Amino acid sequence: MKKIIAILMVLLLSVSLSFAGESHKKGASSFWGKLRRMIESVTPKKQLAVTTAVGGVRGAKNQAEGNLYWKGEETEKEISEDELVSFTNAVQTASEGDTNKAMNMFDEFIATYPESSFIEEAKEAREMLKAEAAQPAG
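The structure presented is a predicted model; accordingly, all values stated were derived computationally and were not measured.

Peer 1: When you look at the nonpolar core in this model, what are you seeing that I'm missing?
Peer 2: A general tendency of soluble globular proteins is for nonpolar side chains to be buried together. Among the nonpolar cores identified, the biggest contains 21 residues, and W32, L35, F87, V91, F106, F118 and L129 are the most heavily contacted of them. When contributions to this core are tallied by element, the ones reaching two or more residues are α1 (2-41), α2 (81-95), α3 (99-112) and α4 (119-134). Apart from residues no more than four positions distant in its own chain, F87 is found in contact with L35, M38, I39, F106, F109, F118, E121 and A122.

Next up, the structure:
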């Protein structure tokens, strides 16, 4: 009786570990899918070749019509065309399975655009690729 219980426990453990491995793979693919959807939703900011100036009149009331931030409100991310191309290429390379090249591309993105609105996603992608590279093949 004890042998049967032990065999069932081993079987249950192996099944749960196989599901855990599958969910990890699905989590990684959903991360890259989330990045692709985010890239598709962003419109790059064009560089304008116009010089602007601001003036004011002493005693005039300030009527700032800037966008107000409301807690929990989604704000559109601003990114230059060069940043978007660099980030998109890194995500595409990672999706194609070239882990080392993608890690280098994300490192370059992080070094080149440290103030980017995609910097957190780039760091997260870099860490995910690093963990993927550390796992044994198979």
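Picking up where we left off.
Peer 1: Whenever I open this one, the packing of aromatic side chains confuses me. Can you help?
Peer 2: Aromatic ring pairs are reported here in terms of the distance separating the ring centres and the angle at which the planes meet. Per the counting criterion, the structure on display carries 6 aromatic pairs. Ring geometry for F87 versus F118: centroids 4.8 Å apart, planes at 45°, classification tilted. On the criterion of sequence distance, the pair formed by F87 in helix α2 and F118 in the loop between α3 and α4 is long-range, its members being 31 residues apart. A single burial state applies to F87 and to F118, both of which are buried. Three or more aromatic residues link up through ring pairs in this structure, and these residues are F31, W32, F87, F106, F109, Y113 and F118.

Peer 1: For this particular structure, what's the right way to read α2?
Peer 2: In an α-helix, one turn spans 3.6 residues; hence positions three or four apart end up facing the same way. For α2, built from 15 residues, the straight-helix expectation of 21 Å at 1.5 Å per residue is met to within 8% by its first-to-last C-alpha distance of 21 Å. Among the residues of α2, those classed as buried are E83, L84, F87, A90, V91, T93 and A94. Of the residues one or two after α2, G97 is the one with positive phi, at around 95°.

Conventions adopted
- The residue count restarts for each chain, going from 1 along the sequence in the order it is written.
- Selection of residues for local features in this predicted model requires a pLDDT of at least 70, selection of side-chain atom pairs for listing and counting requires 80 or more, and totals for whole chains, interfaces and linings are taken over all residues.
- The side-chain values count all of the structure's non-hydrogen atoms but skip hydrogen atoms and water molecules.
- In plain words, nonpolar cores are sets of buried Ala, Val, Leu, Ile, Met, Phe, Trp, Tyr and Cys residues tied together by side-chain atoms within 4.5 Å.
- Throughout this description, buried means an accessible area under 20% of the type-specific maximum (1.4 Å probe, protein chains only), exposed means over 50%, and partly exposed covers the range between.
- Where helices and strands are cited, they refer to DSSP runs of H or I of at least four residues and of E of at least two residues respectively, numbered from the N terminus.
- Only heavy atoms enter the contact rule, under which two residues are in contact if any of them lie within 4.5 Å.
- Pairing of aromatic rings covers Phe, Tyr and Trp, the last through its six-membered ring, and needs centres within 6.5 Å; plane angles under 30 degrees mean stacked, over 60 mean edge-to-face, and all others mean tilted.
- Multiplying 1.5 Å by the helix residue count minus one yields the expected span of that helix.

Coordinates in, geometry out; function isn't part of it.
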